[in-house]
Structures are given as C-alpha cells and as structure tokens.
Amino acid sequence: MERNGSGSGSGSGSRALFPKGPSFTLEDFSSKDFIVRDFVDSLAESAVPANRRSTPAQQAFDPKPLIRTFESALLGLGNLTEELQAKESDLLSQVRRAEIQHDQTLDTLGRKLEESIRQFEELDVRLNNPNGNDRNSRDDADGNIALQIGEKLEELDRKRRRALDANFLISCWLEVSETGQLTSLQDIQRQGGAENKVRCAVIAQQLMRISQRLDPTSWGSNGLLRNGVTNGASDPEKLHNTREVLEKFCETLEQDLLKQFNNSYRKQNFDDMRECAKVLHDFNGGASVIAVFVNQHQFFIDRDQLLAEEVTTDGDTWEQLADPDSDPPGVEPSLQSLIDEVRIIMQEESFIIKRAFPYYETVLIKFIQRVFQQSIQQRLEMVLDKADTISSLAFLRSLHASRSYIGTLVEDLKSHGLTEHPEPCSAQIAQTLDQQLEELFVPYMMGNSYIDREKRSLEELYNSLLFKYNLYHSRRRKAPTGFMASLAQQGNQLIASAKDAYLERVDSADLTPTQKAMMLRVAGLRDNDKNKNEIDVEEAAGQLSVAYAKRMMTWLAESVRRTLELGSPSDTPKDVATLLNLLMTSMGHVYIETALDAALEKAAQETATKAEPDLGYVAGVRPAVTITSIMSRFVASVLIRLAEPNTTVRRAMEAQARAGVDAIERKANAVLRATVDVIVNWTSRSLAQQRKTDFLPRAELDELGAVESLQTPTCTATCAFLARAARAVAAAVDGRNLEAFGGALAAAVQRLLLDHFRRFKVNATGGLMVTKDIAAYVAVLKAELVLSKDVEAAVELLSEIGYLFIIGPEALRERSRNLAAATTTAAAAAAAFAAASPAAAAITKKLGKADFKAFVQMRDDARSQGVQGVLSGL
C-alpha cells in the first residue's frame, strides 16, 4: 500500500500518501436535510478511490480505506460529543443559577406579601378595636388607609391569579402544540365539580383563539394532511393539528357541560345552570344548551304523543258549529286544553328561564317559537282540517274561535310579563308573541282567500234560504210594463242565477254530508226530493218575511264580526265593501225588489180585471219597507263606518247603498201609484153602475114611504170598497207614505165624484139623496185615509155640491158670489204621486164658475126663472 500510494503520489505530484479523513461541525448535524443513511453513504463513497471504483468487479475488495475513513469519522464525532457535553454542562449551570435566583425572588416576594398581610391585619385590628383611644379623625384616616391597602391587595391578588392563569394557559398551549395532548386540562376536568368544568371551558376557548393566531395552518384550507399532520412547510417539528385536538376536547367538554346542565335542572340548581349556560354561550352562542332545554322539555314530549291523536269532538258540537242559526260553540276542546296548558307552562318556565340563563330573553323567544310553531300550530291545523270536512261555516267559526282564544292567550302572557313578572313583558317578547300569533293564521288570511270564503259561505246560506222564494218567482208570469221593465228583467236574471247556483252547489260532489244537510234544512227541502227544480211551492213561499231578513242580517253580522277580528285593519274597508255588495245583491235586488216587482205585476193585472180587485199584494210593501230600513241602518251604522279609514271605498259604498235604497223606494212608490190606479179604476166602474133615475124619485113613491133610505146602492158599494181598500193600504204603509197615498187617492176620488154628479138630473128629493151620498163619500175618505189639512179641506168641497141641488135661487145667488175663477192646485202631499199617475190629478180646492153652472143645470128646476137669473148673473 505504501508503494502504491508513493507511486501514485509521485505520479500526481500533489497527491498525499494517504487520503485525508473527513472533518465535521455541529452545523452539519443541525441541518433540516440531515439523514443518517445519506451521511453513512457519503463516508463510504469518499473512502473508495476513483480508479478503484471504475475497476472490474472481480478484483478483491480492500476494506482498509473504509476502516480508516470510519475511524477518522468516529474520532471527529467523539470530539463533537465532548464539545456538546461541555456546552450542555454550561447551560445546565446557567439554568441552576436562574432557578436559584428565581427561588430567591419568590422567597423575597413571599416575605413581603406576608409582611403586607401582617400589617393589614394589624390595621384591621386597630380599626375594629372598640376600646381604642385615638381620635375620630385619626380613625377616619386609618380607615381610608386600610381601604386603600385592601384595594391594592385585591388588585395584587387579581394580578397574581391572572399571572397564574396565564402561566397555566401557556403551559397548556405548549403541551397541545408539542404533544397533541391536553393532559393538564383533562386532569382538571376529571376532578369534577361545576367550577372545574367551567374553568376548563374558559381555558379551552382561550386556547382556540391562540391556535387561530399561532397555528394558522390548522385553520387554513391547505394546511392539513390526513391524520392531523401538517405539510411541514412552515414548522417541521410540529406534527399535531391543534385545531382538531381542541375541537375534540371542546366537543367532549360541551357534552359534559350539557349533562351537568340537565342534572342541575333536575335538582333546580339555578346558579349552576346559569354558569353552564354562560360558558356554553361562549362556545356556540348558547344554541346547544337552548336546544337541550327546549327540546327535552316534558311539555313537548307529552304533547308530541297527544298531537298524534285525532280530533274527536262529539257530533252534536260539529252540527252546532255548522248550524248558522245556532250560536258558535266556541273553541275546539282539545285545542282549548292545549292553550290553557301553554298559559300555565309559559308562566312557570319563564321564571326558571330567567334564573337559569343570563340571556333569558333569547331563550324565552326560542321557547315561545317552539310552543307556537310546533304544538299550537299542529293542533290548530288538525282542528281546521276537521272543521273543513264539516262545512265552510264550521271552518270559519273554528278559525275565528281559535284566533280569539289564542289572541287571549297572547294578551294574558303580555300582561303577566313572563320573565318580567309582575311587570308587563318587554317590547321584544311582546313583538315575538304578536308575530307568532300572526304567523299561525297567515296561510288562511293571504290575499282574498279569507273574505272569499266568507262570501261563498254567505252566498250558500242566502241561496238556500231563498231557494223556494226564487223558485216561486221564477215560475210566475213575467210581464213587466212601463219604465220598470228593465229593472224587473234584471231582477229575474238574478233570481234565476241564485236558484241555479243553489242547485249546482247542493248537487256538487265535493259538498260534505253535513253541509248538504244544513243547506237542505235551511231551504226547507228533503234529501229524497228527486228533482228540486220541480217541487211544488206555495204562494206564501213567494212573500217577503221579516224573520228571513233578520236571519240573513244575523248571518251577515256574524261574518262582519269575524272579518273585523281576523282581517287586518288595512283590508277591512275592502272586505266590508265585498260584504255590502253581497248584501245589496241578495237582500236588495233578489229579495226585496223581486217582491215589489211581483206586487207591481199583480197591480197591473188587477187594473184590468172585471171583478172587484184584490189588494192583498199591497201587504208586501210593509215588510219591504221594514227590511229595507233594517238593511239601511245596518249598512250606515256598521259597514260604512268600518270603511271610514279608506275615503274612496267609503264613498263608493255610500253611493252603492244609496242607489240600492233609491231603487227599492222607486219600486215601492210605483206599487202605491199602481194601487191608486187600481182603486180609482174600480171606483170609476162602481160609479158607472149609478142609474140615471136614482136622483129623480117619483113624488108618489116618496109619499107612500118607498124611499126608506136616501143613500143609493151605488154609494153604499163604492164606500164599502173604498173603506176596504184604505184599510188594506193602511196595514201596509204608514207615516208620510200613507199620507201621500191618502192625498193622491182623495184627489182622484174627488175628481171622479165631481165628474160623476155632473151627469145626473136631480129633483128635490134626489137632491137629498145626492147630499146623503156625498156625505157618505166625504165621511169614508176622512175616516179611512190619512189626509193633510189642505186635502181634507178639498174633500169638504164635495159637501158644497150637495147643497147646490137643494137650496133655493136666492141661496144659489149668494153662493155664486164666492166662486173661484177656474183654479185647481195640486196638494203638496200628493205631488209625488200626481207626477206619474193619471188618476192622481190635481185636486179642486174651490168650486169654479164652470163647475157651479154644470151642477146647477142638472137641477130639474134649472129652467125656472129664479135659477136662470142666477145662471145669467155668473
């Protein structure tokens, strides 16, 4: 080897005889890229010469270079080891000196603290010594000094605790970041006790915040590998994901705290519950503890079982609920029981919530939401679904009763105050209660869905009640005449529409059995009636009934009440406008105006009859006026007043109501005018039966006593008819309408009598008969009719006519001096009738010359010299 080395060295000139051994430093082993295998391989690689590495593999292996190289490496490593041990010994010496100094510092601070405590105790003894001899001012000074010292000591104690907590927090962080364990915290947790768990929770939260700042890779999207190992980009020594460790510990601790909270709840340990709730609030906003408190409440557990039960109210209650003529039975019993229980539970639990939670309003709101959105809403839906299978009215009544009862619950809870008891509840809780109440009924009140239900329900009731009425009038002969023709035709169309709507509804497949039975009962029909469009109806079914109208108004009033209490104030004007339109159509057009049209048609028939007319149709005017008055008062005092917030809607409703009432009044007036025509027409026919010789009795018959009565048969029959007619109208009309009717009829009858007595010759005895007849006419008109003073004075004018046939020429001359030129004026009371009725002509208030002459010329002595002298002097 020496020769080979020498030859090699002499050949190269600069090569040494033996290769130089490797040299190392501590930095070579401190590199992050240091790997033991690579280090050993490099030593072996450097020990083999280059020419030998390229020689054939069959040459013998020479281990001496490797031995020398590794011996040199071991020698270097030994030197480094000695150097490292020297440094370590120096560092350990420094640590021991620092610990000794630290212990001395703690000992000094401890002695100072003990001295301060001793001084404080001495001061406290001096201040509390009742036998002290110091003055008051000195006592006050000592007291202030003691107070200041106490505050400083408390401050020092707080700082000390904070320092200890900080020290423990740092040690916990080092522990979790270096070892991935939380042994210290787990030791505290295992000690048990509420205080220790709360402390663990606080420290865990602080560690989470430290982890977010010092270990961002654990919180980043690309900073984690599987098994919780980082990618080593920033810190190769840290192999633990602090976030996962802390979150796992927090989850365990949270479950432990929740369990502790439940145990404390069972023991009614409100202070411990409050502390747990406060800590859990720092974890997740308190969501978990609130959920545990609410979801595991015994009320919800029991109610979840009860909510699975069907609504089992007895059949009589449902029938009463569907009967429009019976009072609503109120809220459904199972829903009532639930709401009553909620009232008690809410009051009791609010007391617990305030003591157990520092954020009690949030918990109470969650509890309220759970009660309303789960328990009450589910039961309410079951009740309303059941009511909807009974009838539409049952649904509306159930909805209203439920809304009212739940509204009472809300108001009771507000006044009770809940967590603020005995004061009213806070604005936030009150708003939550109102919001939950509204949300319960939003599905049933959206848009026009509710008012459309009310309208359909009323239409079904009205069409059922008026079915026979509409059927009767749809069959009668329709022959309207005059200016009322178009209105009558419109009424006929409404009647047919209402009748067909009822038949279509009652035969509908989706109609419930209860509702069908109710509609048939209201209509007065039987289910076994095959063709309801062909059933026989009596004439009484076509007459107006105030009792029917009161039922209709009662149903409407109940609907208005529900609308007012269920609907929003902003929608009330629009809703009552819809109900007004239904009322004016069903009661105004279909019911009242149809009856007046029938009366007007009957009057037209009686005018053309050759027998004494039947004025029974006039009786329908009184119920028409009464029903119109009831309807008008309800509209003015209820519906229009409810629409006052919306001026546009209110004015439209006022115009509609006024137009409807005006139409009814015009038709009622038309019936009365037609009645005047009927009476006058028959009176004219009756007077036409007067014989020409009735007022020319023979003298010999008079001497024989044949003229037993001075009143003619025609007068007797006519007066009897007028009396019957007047009584018939008086039974149907009163007040100013009756006075107007009497004025118009009296004017027409006066004109007929004036024309009547112009046609007959009268002798002396006949003059007595004329006087008697006229007195009877005047008596019946004044007795049976309601007349104004002017009309009554004009009727008295007829009495003057009788005297013209019995007085002598001198008396005639005297009366001729007071005659009117030719004046006739219309009575104010009959002005409305006279404008449209030919029979109600202008009434004669004073006899004119032409009339005077015409009557006097009918005397049998008109050609005598005395009478001719009177006539020539006119």
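Residues numbered from 1 in each chain as written. Predicted model: local features only at pLDDT ≥ 70, side-chain atom pairs only at ≥ 80, totals over all residues. Heavy atoms only, no water.

A. Spotlight on helix α22 (residues 546-566). Spanning 21 residues, α22 covers 30 Å between terminal C-alpha atoms, matching the ideal 30 Å at 1.5 Å per step. N-capping of α22 is provided by Ser545, with a side-chain oxygen placed 3.4 Å from the backbone N of Ala547. (Helix = DSSP H or I, 4+ residues; strand = E, 2+ residues; numbered from the N terminus. Expected span 1.5 Å × (residues − 1). Polar contact = N/O pair within 3.5 Å; in protein donor to acceptor, adjacent residues only side chain to side chain.)

B. The packing of aromatic side chains, seen in detail. Scanning the model with the defined rule gives 13 aromatic pairs in all. Through a chain of ring-to-ring contacts, three or more aromatic side chains come together here, namely Phe261, Tyr265, Phe293, Phe357, Tyr359 and Phe367. The cationic tip of Arg453 hangs over the ring face of Phe395; the distance from NZ or CZ to the ring centre is 3.9 Å. Taking NZ or CZ as reference, Lys692 lies 5.3 Å from the ring centre of Phe760, over its face. (Phe/Tyr/Trp six-rings, centres within 6.5 Å; stacked < 30°, edge-to-face > 60°. Lys NZ or Arg CZ within 6 Å of the ring centre and 35° of its normal.)

C. Layout of the environment of Ala744. Considering the arrangement of structural elements, one finds Ala744 in helix α28 (residues 735-756). Counting along the chain gives 99 residues from Ala744 to Ile843, while the straight-line C-alpha distance between them is 8.6 Å.

D. Spatial organisation of the packing of helix α25 (residues 647-687) against α28. Remark: α25 packs on α28, axes separated minimally by 10 Å, with the N-to-C direction vectors making an angle of 25°. Classed by the angle they form, the pair α25 and α28 counts as roughly parallel. In terms of crossing hand, the pair formed by α25 and α28 is right-handed. The segment α25 lies against α28, with Leu672, Thr675, Val676, Ile679, Val680, Thr683, Ser684 and Leu687 engaging Phe741, Ala744, Leu745, Ala748, Leu752, Leu753 and His756. Residues belonging to the contact of α25 with α28 are distributed by class as follows: 11 nonpolar, 4 polar and no charged. (Axes fitted to C-alpha atoms, helices over the stretch in contact; angles between N-to-C directions. Parallel < 35°, antiparallel > 145°, perpendicular 65-115°, else oblique. Left-handed = near helix turned anticlockwise from the far one by under 90°. Contact = heavy atoms within 4.5 Å. Nonpolar A, V, L, I, M, F, W, Y, C, P; charged D, E, K, R; others polar.)

E. Local environment of a nonpolar patch on the surface. On the surface, a cluster of nonpolar side chains totalling about 310 Å² of accessible area is made up of Leu710, Leu768, Tyr803 and Ile806. Given the relative accessible area of 41%, Leu768 is considered partly exposed. (Patch = residues over 30% accessible without salt bridge, like charges linked within 9 Å, V, L, I, M, F, W, Y side chains within 5 Å. Areas by Shrake-Rupley, 256 points an atom, 1.4 Å probe, with all protein chains shown as cover. Salt bridge = Lys/Arg side-chain N within 4 Å of Asp/Glu carboxyl O. Buried < 20%, exposed > 50% of the residue type's maximum accessible area, 1.4 Å probe, protein only.)

F. Region of the structure containing helix α14 (residues 333-356). Here α14 is 24 residues long and its end C-alpha atoms lie 34 Å apart, about the 34 Å a rise of 1.5 Å per residue gives. Of all the residues in α14, the buried ones are Leu335, Leu338, Ile339, Val342, Arg343, Ile345, Met346, Glu349, Ser350, Ile352, Ile353 and Ala356.

G. Region of interest: the side chain of Asp694. Along the chain, Asp694 falls in the loop between α25 and α26 (699-703). Side-chain polar atoms of Asp694 contact the side chain of Gln690, separated by 2.8 Å.

H. How the structure looks around the environment of Asp187. Relative to the elements of secondary structure, Asp187 occurs in helix α7 (residues 183-190). As a C-alpha pair, Asp187 and Cys200 span 13 residues in sequence and 9.7 Å in three-dimensional space.

I. Expanded view of empty space enclosed by the protein. For the coordinates displayed, the defined rule picks out 2 cavities of 30 Å³ or more. The volume enclosed by the largest cavity comes to roughly 60 Å³. Among the residues making up the lining of the largest cavity, the classes are represented as 5 nonpolar, 2 polar and 3 charged. Considering only enclosed or pocket space, the second largest cavity measures out at about 40 Å³ in volume. Around the second largest cavity sit Gln377, Leu380, Glu381, Glu439, Leu440, Pro443 and Tyr444, which together line it. Going through the elements one at a time, α15 (360-388) and α17 (427-445) are the ones with two or more residues in the lining of the second largest cavity. Here the lining of the second largest cavity takes 4 residues from α17, the largest share from any one element. A breakdown of the residues in the lining of the second largest cavity according to their chemical character gives 4 nonpolar, 1 polar and 2 charged. (1 Å grid on protein atoms, 1.4 Å probe; cavity = no way out; pocket = protein on both sides within 12 Å on 5 of 7 lines; lining within 4 Å. Points joined across faces, edges and corners; volume = space filled by probe spheres on them.)

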